[in-house]
Amino acid sequence: AKRDGSQGRIEVHDGGLTEDEVDLLQLETDLRRALEEDELRLFYQPIVSLSDETLLGYEALIRWQHPTRGLLPPGAFLDAAENNRLTSKLGAWVLRRACTDAAGWPAGLRVHVNVSARHLAEEGFTRLVADALDESGLPPERLELEITESTALFAAEATLQAVQEVTERGVTLALDDFGTGYSAITALHRLPIHTVKIDRSFVAGVVREPSSAALVQGLLQLGQGMGLQVIAEGIEDLDQAEWLRRHGCAMAQGYAFGRPAPLPSRADTTSAEVIVGKAAEEAAAVLE
Ligand code: C2E
Ligand code: MG
Ligand code: MG
Ligand code: MG
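Here is a short report on the structure shown in this document.

Criteria and cut-off values
Residues numbered from 1 in each chain as written. Chains lettered and ligands numbered in written order. Predicted model: local features only at pLDDT ≥ 70, side-chain atom pairs only at ≥ 80, totals over all residues. Heavy atoms only, no water. Helix = DSSP H or I, 4+ residues; strand = E, 2+ residues; numbered from the N terminus. Buried < 20%, exposed > 50% of the residue type's maximum accessible area, 1.4 Å probe, protein only. Contact = heavy atoms within 4.5 Å. Areas by Shrake-Rupley, 256 points an atom, 1.4 Å probe, with all protein chains shown as cover. Pairing = 2+ DSSP bridges. Near = heavy atom within 4 Å. Polar contact = N/O pair within 3.5 Å; in protein donor to acceptor, adjacent residues only side chain to side chain. Nonpolar A, V, L, I, M, F, W, Y, C, P; charged D, E, K, R; others polar. Phe/Tyr/Trp six-rings, centres within 6.5 Å; stacked < 30°, edge-to-face > 60°. Lys NZ or Arg CZ within 6 Å of the ring centre and 35° of its normal. Donors = N, O, S within 2.8 Å, 3.2 Å for Na, K, Ca; no water. Arc of directions from axis to C-beta.

Time to look at the overall build of the chain. When its secondary structure is counted, the chain shows twelve helices and twelve strands. Counting the 288 residues in the chain, one finds 48% classified as buried. Partitioning the contacts of the chain with sequence separation of at least 6, the portion at a separation of at least 24 is 67%. Of the roughly 14,200 Å² that the chain leaves accessible, carbon and sulfur atoms contribute 50%.

Here we take up the pairing of strand 3 (residues 40–49). Of all ten residues that make up strand 3, nine are buried, and the element is covered over most of its length. In this sheet, strand 4 (residues 55–66) lies alongside strand 3 in antiparallel orientation, the contact comprising nine bridges. Its bridge partner lying in strand 4, Q45 is registered against E59. Two successive antiparallel strands, strand 3 and strand 4, enclose a turn made up of five residues, where E53 displays a positive phi of approximately 60°. Where strand 3 and strand 12 (residues 261–262) come together, two bridges link them in antiparallel fashion. Note that in strand 12 the partner of Y44 across the bridge is A261. Pairing between strand 3 and strand 11 (residues 251–252): two bridges, direction antiparallel.

Neighbouring ligand 1 are 22 residues; R63, N114, D176, E236 and Y255 lie closest to it. Interatomic distance of 3.1 Å between a side-chain N/O atom of D177 and an oxygen atom of ligand 1. Here E233 contributes a side-chain N or O atom positioned 3.2 Å from an oxygen atom of ligand 1. Taken together, the elements giving at least two residues each to the shell around ligand 1 come down to strand 4 and strand 8 (172–178). The leading source of residues in the shell around ligand 1 is strand 4, at four residues. In terms of residue class, the shell around ligand 1 is built from nine nonpolar, five polar and eight charged.

Glancing now at the packing of aromatic side chains. In this structure the tally under the stated criterion is four aromatic pairs. Measuring from centroid to centroid gives 5.5 Å for W64 and F77, while their planes differ by 85°, and the two rings are edge-to-face. Of the two residues, W64 is situated in strand 4 and F77 in the loop between strand 5 (70–72) and helix 2 (78–82); the sequence distance between them amounts to 13 residues. You'll find W64 and F77 in the same group, each marked buried. Over the face of the ring belonging to Y255 we find R259, whose NZ or CZ atom lies 3.9 Å from the ring centre.

Turning our attention to the pairing of strand 4. Of all twelve residues in strand 4, ten are buried, a share of seventy percent or more. The pairing of strand 4 with strand 6 (residues 110–114) spans four bridges and is parallel. The partner of Y58 across the bridge, within strand 6, is V111. Connecting strand 4 to the antiparallel partner strand 5 that follows it, the hairpin turn spans three residues.

Attention shifts here to the coordination of the magnesium ion (ligand 3). Within the first shell, the magnesium ion (ligand 3) binds the protein through D176 (OD), D177 (OD), E233 (OE) and E233 (OE), at distances of 2.1 to 2.4 Å. Sequence positions of the donors to the magnesium ion (ligand 3) reduce to the motif D-D-x55-E. Between the magnesium ion (ligand 3) and the magnesium ion (ligand 2), the interatomic distance is 4.3 Å, and D176 donates to each metal, bridging them. Of the two residues, D176 is situated in strand 8 and E233 in the loop between strand 10 (229–232) and helix 11 (238–246); the sequence distance between them amounts to 57 residues. Each of the two residues, D176 as well as E233, counts as buried.

The topology assignment puts E146 in strand 7 (residues 143–148). Setting aside chain neighbours within four positions, we find E146 in contact with E59, H112, V113, N114, V115, A174, D176 and K197.

All buried positions along helix 11 are accounted for by Q240, A241, W243 and L244. Around the axis of helix 11, the buried residues are gathered within 165° of arc, so they sit on the same side. Against helix 9 (200–203), helix 10 (210–225) and strand 10 lie the buried residues of helix 11. For helix 11, the capping residue at the N-terminal end is D237, with a side-chain oxygen 3.1 Å from the backbone nitrogen of D239. Following helix 11 by one or two positions, G248 has its phi on the positive side, about 85°.

Quick look at the structure:
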C-alpha cells in the first residue's frame, strides 16, 4: 500500500482493496457515524390528486446532512448501506421518523416510505413496522410502503410473508419505478399491490414522444384494469400534468407540484400545518 499525499488516499494493489472498495468502506464508517450523530434527514415531496386538485400525502426521501460534503442525495450513499447490516438500521430510522412526522400532519394525509429489498426480507421487519405505528400513533391506513420491481422480482418467501403481514394490518404497498423492471406483471400477480408509480423516465416524454405516450397509456390501462391506484412520477411541467389528467391518471408527483423539502419536527405542529397547507395551495394553483 502506498499513501498518495495529495489525496490522502490509500492505494492497495495485487489482490488487496481497490480504491473504490476503500471509498466504500470509508462511506460505511461515515454512515454509521451519521446515524449516531443524527445527520440523516427526511425530506418530503407532495403527492397530489390530478382529478380533484388536492394534496394526498408525501413521500419521505432520505438525505444526509454531511458535515463536510453538504446535503447528500440517497444515490450518494444508499448503496453503501445496502451491502451490510446498516440497511436495517437505516431502514428502521426512516420508518420511525416518517411515522412520527406523519402522525403530526392533518389526518387525511398519507406518508409513503421507500423500503429496501434487503430490509423487507429481514426477520423483524413486520415487528418494526408495528412498533413504528404504535409508537407514533399513526393509523396503519396512512402508511404506504414503496418497493421497487427488483424487490418483487427476487421476492423470497420471507418477503412474501412480511408483505402479507403488514398489509393485513392495513398498511398499503406501492410498486415503485413501475415499468422499469422485467417483472412488473409477475409482481402485480404475486404481491398485494395497492398502487403503481409510473417511472419518470416514461413520464418525461409523454407530450413529445409517441412511444413514451403509448407506453404510459399501456401502464395506466394495466394499473386501472387491475383496480390499482396509479401515480405518475417526475411531473416537471404543466403540459405533462395535463396530458396525464386527460389520459385518466388520478395522482401525480414531481417538481411541478413541489420538490422534496424538510418539514418541521412534530413538536412544531403549528408550522407543520402551515407548510402542509401551503404545499396544498401551491399544488392547487399549479393545476388551475
Ligand atoms: P424514488 O422512490 O423513485 O423517488 C423519486 C425520486 O425522484 C427522488 O429522488 C425525487 O427527488 C426524484 N424526483 C421527484 N420528482 C422529480 C421530478 O419532477 N424530476 C426529477 N428529475 N426528479 C424527481 P431522490 O430523493 O434522489 O431518491 C432517489 C431514490 O432513492 C428513490 O427513488 C428511492 O428509490 C431511494 N430512496 C430515497 N429515500 C429512501 C429511503 O428512505 N429508503 C430507501 N430504501 N430508499 C430511498
Ligand atoms: Mg419511491
Ligand atoms: Mg420511483
Ligand atoms: Mg427511483
